[in-house]
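Each chain is listed here by its residues.
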Amino acid sequence: MVSIIAAFKQFQKDPSGAVAVDWVVLVAALVGLTIAVFSFLAGGMDAISNEVAIQMSDQEITDEF
């Protein structure tokens, strides 16, 4: 039976855990950056869509061809 201390020492020597942590940090940074970009663009898109809605509501619809 492996003792807890021996298992912990073996875990410390295994580099695959560090690689997994690196990937988690990288993915978290990308997700955060994506959320920041979309929240920045959302305000501009809202303003543009409101402007388009105002322009469209001002147009007169006719039945003439």
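The structure displayed is predicted, hence computed values, not measured ones. (Residues numbered from 1 in each chain as written. Predicted model: local features only at pLDDT ≥ 70, side-chain atom pairs only at ≥ 80, totals over all residues. Heavy atoms only, no water.)

What the protein contains, in helices and strands, is two helices and zero strands. Over its C-alpha trace the protein gives a radius of gyration of 28 Å, far above what one expects of a compact globule, namely 11 Å for 65 residues. Across its three principal directions, the C-alpha atoms of the protein cover 90 × 20 × 15 Å. Residues counted as buried form 0% of the 65 residues belonging to the protein. For the protein, the accessible surface area stands at approximately 6400 Å², while carbon and sulfur atoms represent 71% of it. (Helix = DSSP H or I, 4+ residues; strand = E, 2+ residues; numbered from the N terminus. Rg over C-alpha atoms; globule rule 2.2 N^0.38 Å. Buried < 20%, exposed > 50% of the residue type's maximum accessible area, 1.4 Å probe, protein only. Areas by Shrake-Rupley, 256 points an atom, 1.4 Å probe, with all protein chains shown as cover.)

A contiguous nonpolar patch, built from L33, V37, F40, L41, M45, I48, V52 and M56 and spanning about 860 Å² of accessible area, is present on the exposed surface. Within the secondary structure layout, V52 lies in helix α2 (residues 16-57). In this structure V52 comes out as partly exposed when scored by relative accessible area, which is 43%. (Patch = residues over 30% accessible without salt bridge, like charges linked within 9 Å, V, L, I, M, F, W, Y side chains within 5 Å. Salt bridge = Lys/Arg side-chain N within 4 Å of Asp/Glu carboxyl O.)

Okay, the environment of M45 next. Its place among the elements puts M45 in helix α2. Taking the relative accessible area as the measure of exposure, M45 reaches 54% and is therefore exposed. Taking the C-alpha atoms as reference, M45 lies 36 Å from V21; in sequence the two are 24 residues apart.

The next point concerns the environment of A42. Structurally, the position occupied by A42 is in helix α2. Separated by 27 residues in the primary sequence, A42 and P15 have C-alpha atoms spaced 41 Å apart.

We now examine the environment of A29. Considering the arrangement of structural elements, one finds A29 in helix α2. Relative accessible area serves as the criterion here: at 47%, A29 is assigned to the partly exposed category. Between the alpha carbons of A29 and S49 there is a distance of 30 Å; along the sequence they are 20 residues apart.

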